[in-house]
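Overview (structure and organization)
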Amino acid sequence: MSRMKHVRRALVRAVLSLPSYALLIASAAVILFPLYVTTVDSLQPLQKLLSFPPDLWPDTPRWANYRSAMTDIPMPRYMLNSLIMASVITIGQVTTAALAAYAFSFMRFPLRTPLFFVFLSTMMVPWEISIIPNFQTMQRLNWLDTYQGLTLPFLATAFGTFLLRQHFMTLPRELKDAADIDGYGDLRFLLFVVIPLSRAALATLAVFSFLQAWNQYLWPLLVTNDPDMRTVQIGIAALRDEEVQRTNVVLAGTVIALLPMLVLVIAFQRFLVRGLTAGAVKG
Amino acid sequence: MSVRFDRVSKAFGDTVALSDFTLDVADGEFVVLLGPSGCGKTTALRILAGLEEASAGDVYIDGRNVTDFPAHRRDIAMVFQNYALYPHMSVYDNIAFGLRMRKTGRQQVDQSVRDAAGLLGLSELLKRKPGQLSGGQRQRVALARAIVRRPKAFLMDEPLSNLDAKLRSQTRLELIRLHRQLQSTVLYVTHDQVEAMTMGQRIAVMERGLLQQVGSAADVYARPANLFVAEFIGSPAMSFFRGDVQETDGAMSVQTPAIRFTLSLEQSDTLRSAALKEVVIGARPEHIDLAESFGEEGASATFPAQIDVVESLGSEVHATLLLDGRSVVTRLPADDPPHAGETRRFAIAMAHLLLFDPASGRRLP
Amino acid sequence: MTTDARLLPERRRGSVARSLRQLAAASPFVLPSVVLFGVFVFYPLARSVYLGFHATDPFGRREVWVGIEQYRDVLTSSDFRYSLLVTGQFALYTVVPSTVIGLYLALLAHQRLPGILLFRTIFSSTVASSVAVSSVMWLLLLNPGVGVLNYLLDEGGLPTASWLTEPRWALPAVAMTTVWMNIGFATIVILAGLQNIPEELYEAARVDGAGRRNQFLHVTLPALSPTLLFVSVVGVIFAFQSFGQIHILTRGGPLDSTTVIVYSIYREAFLHYNVGLASAQAIVLFVIVLLLTMAQFVAAQRWVFYR
């Protein structure tokens, strides 16, 4: 008697979960919709794009659009610029943050606490406030349209320092004591003990930094005029003005710009979540 | 209000947490589910609460089959191991929550809450939030929340495990008094046998999803059903000796590597009817003593042994003996205890020996 | 719980020489960040204040000290006030829907169903989309003639509009794009908050007789309040700093209906070369954002519960 009842109960539960799945699928469809339309249109010949009602399925996908995006539009150049900029910023941020976080957690020095608060206070100053003087600085140094101009202002990060410091604080103090006895200096301790033990936190910061740097818009817009120095974001935005007749190719370029970040976010979901919630979930 | 488990089983995927569990709890009884972690005691409790669904079997509360009822329709209250107090509500609101969910009138709620709070000494703390309370106070709020609804049964999941030792013994007494006052049916889960023995009117010993024995504290102590119960109950634990059964001139004896046990007539009868070649003998530490303290009748199981460790507990001494490569613990009086390193003659009181079938683990008869 | 010695405030121990030694040891570690912050955060802040005190002449040349005048001008100018209004509306149009939809999606994604991981990934995916990518995508969707949005509305019998060129609808349209961008972030953060709520709390509520709705009101929402505060604070700051979407979708128009403050600053400084005025606007923006953030925390005292 009992066995049948339990099997039936399991079936009922499965049926009851159908509405949940319906909602999930519907919501996912709405979220993915812009991406879907863009991808479809990137594969269409131009006439289809201009037709009404819009065609929502590519009967004959024009993969040539993507080839055009890479050859006719300087997409490869844009991607390279973005890659260099994002990589330099990521490496810079991880380095400066690790160094500073180490000092704030393992070292003792006067004014340590006030200095930490000074670091945190920089998070209160939104980037957009500083653009004018920073632009002037770059102008004066003749660093417009250069990689230095694109990357230098972002090499330090208070958020990253905070994130790594919180993690370093969870490492046992005894490790440092043992290293002191063994005669390790601070730098060697950081490089050979702390860093290997902090892989997750470092990965979190790296993913976060890279994503933010790659997706930046305002600063690269200000600092680059030469089309050769444009990053991918500025590139596709500029394209929409210049290449009005080739919207489908522009969209193909957009998809190409999006793809690396999509892969990054999906592959490193765990780290991204950890980074984003570093300040949010108070226990 | 009575509670009944009828052949309840629960499997999580491939793991069987509870197997064919049957137990009757009478109205007003305090029953303890006791066992090591993973034995299924918490699973059984949660199935009774309605927080888990049984894979098979039925559960009855007060005669009604509640197996298909959701948790809030079973009229039970639960005290969780980590108290599960609503952190954003005051103590008053925490206690009142259940009543308010049942749309009880405001005056009735107020009366009940104040009564419960008074019973547990919380009257001064009603406006505080859980975050401002000590562990012991939080525990009492959890209890108050449980008793305020006058449920048919109280379910408690290791409620004392997060308290320090002193608080634990105090709260144990309070719980016993509370039970007496409220005359309620209580199902209490713990892995601590001291709690079980002192609080439970009956103890259900469980292991790996199976019920091993149900009985009073005296029952499970003096008449354990099998090797597991015998070993689990009692601290320090019982010592076991495995040996061959021999019969000489109508008298039965058991030869273990280090000791020869000559059995009494009763024990011999039991052993003969069991028709075993091998048997396990169990002896509790208090029944093992220095040979000289055994006066006239003596004991028919004397043996020399070296004393490994002597632990003094003030009123008595626990001596760990090295015998045949393993340890045997004995409880000795505190005056003139032997010293570690000495080799002395010990003996076992035959009358209290327990015999077990090595194959099934069950006690004979 | 023992206190970590590293958290104790520095006490004055030993000699001055020792302190100097410690500073010398720590300097190489903090100096890179300190220098970078100095040059690119603090100096600009000070310089912006300074620039704000100077009016730039119409030919973009010499700067003339006007002192507090320019700040007063900014605060009283109708253009700036309108811009503030636009930004405020924009914040409202983006923060509230983002938080609500984020909560809805997080609740959906919190269920223990087979395959839920796929949905969680999809819901959080919009974090990958940059401002530029999102704007270009939505530019096409919002196209009045061939855009899919109007097509779908038409099919559904709902009125259509020329989204980005009608003053009435431009801001809501830009807001919709921004909400779509924010949803991924909101979902991730709120979902993490949900996962942090101990299951025991729900079980206690169930035993107490709370159904799904009451569990949500009395367990979920109070426990989520710090997270929701975080999402809304970040959302407001993000809204007040928005630039990219406006630049790509509407260039501040039509009729300045989407000119948020940052766009106004950009326009003044880099299109009109009025650096002084732009800097003053930037400082005022900074103060406003600071005040708003503090106000949110104060308001939060009443409805946010920390454990």
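In this numbering scheme, every chain counts its residues from 1 along its sequence in written order. Following the order in which they are written, the chains are lettered starting with A and the ligands numbered starting with 1. The predicted nature of this model means local features are confined to residues of pLDDT at least 70 and side-chain atom pairs, given and counted, to a pLDDT of 80 or more, with totals for whole chains, interfaces and linings taken over all residues.

Okay, the overall build of chain A next. Numbering goes from the N terminus for both helices and strands, where a helix is a DSSP run of H or I of at least four residues and a strand is a run of E of at least two. A count of helical and extended segments in chain A gives 16 helices and 0 strands. The globule rule used here is 2.2 Å times the number of residues to the 0.38 power, and the radius of gyration it is set against is calculated over C-alpha atoms. Computed over C-alpha atoms, the radius of gyration of chain A comes to 25 Å, more than 25% over the 19 Å expected from 2.2 N^0.38 for 283 residues, which places it beyond the range of a compact globule. If one aligns the C-alpha atoms of chain A with their principal axes, the spans along those axes are about 80 × 70 × 30 Å. Burial analysis of chain A (283 residues in total) assigns 44% to the buried set. By definition, residues are in contact whenever their C-beta atoms, placed on the basis of the backbone, come within 7 Å of each other. Expressed as a percentage of contacts within chain A between residues at least 6 apart in sequence, the contacts between residues at least 24 apart total 77%. The exposure label follows from counting other C-beta atoms within 10 Å of a residue's C-beta, where the C-beta atoms are placed from the backbone and the thresholds are 20 or more for buried and 12 or fewer for exposed, leaving partly exposed in between.

Take the interface of chain B and chain C next. Contacts between the two partners involve 18 residues from chain B and, on the opposite side, 15 residues from chain C. Those elements giving two or more residues to the side of chain B that touches chain C turn out to be β6 (76-79) and α2 (91-101) of chain B. Residues are grouped as follows: Ala, Val, Leu, Ile, Met, Phe, Trp, Tyr, Cys and Pro are nonpolar; Asp, Glu, Lys and Arg are charged; all remaining types, including Gly, are polar. Of the residues in the side of chain B that touches chain C, the class split is 12 nonpolar, 5 polar and 1 charged.

On to the sheet that holds strand β8 (residues 185-190) of chain B, then. What holds strands together in a sheet is hydrogen bonding between their backbones, with the strands either parallel or antiparallel. All names here are of chain B. The 6 strands are arranged β6-β7-β8-β3-β9-β10 in an open sheet whose pairing can be described as mixed. Each edge of the open sheet carries a strand with a single partner, namely β6 and β10 (210-215). Taken over all neighbouring pairs, the strand axes of this sheet differ in orientation by 20° on average, direction set aside. Bridge count for strand β7 (residues 153-157) against β8 is 5 bridges, and the pairing is parallel. What sits directly across from Leu155, in β8, is Leu187. For two strands to count as paired, DSSP must find a minimum of two bridges between them. Lines are fitted to the C-alpha atoms to define the axes, a helix being fitted only along its stretch in contact, and any angle between axes, read from their N-to-C directions, falls within 0 to 180 degrees.

Contacts between the two partners involve 75 residues from chain A and, on the opposite side, 80 residues from chain C. It is helix α2 (residues 18-42) of chain A that provides the largest number of residues to the side of chain A that touches chain C, a total of 11 residues.

Turning to the domain arrangement of chain C, a few remarks are in order. Many structure descriptions define interface size as the accessible area lost when the parts assemble. Residue and element names in this part refer to chain C. Looking at chain C, the domain boundaries give domain 1 (2-52) and domain 2 (78-303). If you average the C-alpha positions of domain 1 and of domain 2, the two centres end up 36 Å apart. Taken together, the contacts link 4 residues of domain 1 with 6 residues of domain 2. Residues belonging to the side of domain 1 that touches domain 2 are distributed by class as follows: 2 nonpolar, 2 polar and no charged. For the domains described, the bounds stem from an automatic or database domain assignment.

On to the pairing of strand β17 (residues 316-323) of chain B. All names here are of chain B. Relative to β17, strand β16 (residues 302-312) runs antiparallel, the two being bridged by 6 bridges. Opposite Glu311, over in β17, you have His318 as the bridge partner. The hairpin formed by β16 and β17 contains 3 residues between the paired strands, and Gly314 there has a positive phi angle of roughly 90°. Bridge analysis of β17 against strand β18 (residues 326-333) gives 8 bridges, and the strand direction is antiparallel. Along β18, the bridge assignment pairs Leu321 with Val328. The antiparallel pairing of β17 with β18 creates a hairpin that spans 2 residues between the two strands, and Asp324 there sits at a positive phi of about 55°.

This part is about the domain arrangement of chain A. Residues and elements named next belong to chain A. For chain A, the assigned domains are domain 1 (2-65) and domain 2 (67-274). On a C-alpha basis, the centroid separation for the pair domain 1 and domain 2 is 35 Å. In this assembly, 10 residues from domain 1 lie in contact with 10 residues from domain 2. Within the side of domain 1 that touches domain 2, the residues separate by chemical class into 4 nonpolar, 5 polar and 1 charged.

So, about the packing of helix α14 (residues 232-242) of chain A against helix α15 (residues 247-267) of chain A. All names here are of chain A. One can describe the packing of α14 onto α15 by two numbers: an axis separation of 10 Å at closest approach and a directional angle of 165°. Between α14 and α15, the interaxial angle falls into the category roughly antiparallel. Between α14 and α15 lies a crossing whose hand is left-handed. Taking contact as the criterion, the partners of Val232, Gln233, Ile236, Leu239 and Arg240 in α14 are, on α15, Val250, Gly253, Thr254 and Ala257. Looking at the contact of α14 with α15 residue by residue, the classes come out as 5 nonpolar, 3 polar and 1 charged. Reported orientations rely on four angle classes, namely roughly parallel under 35 degrees, roughly antiparallel over 145, roughly perpendicular from 65 to 115, and oblique for the rest. With the far helix as reference, a near helix turned anticlockwise by less than a right angle produces a left-handed crossing, and one turned clockwise produces a right-handed crossing.

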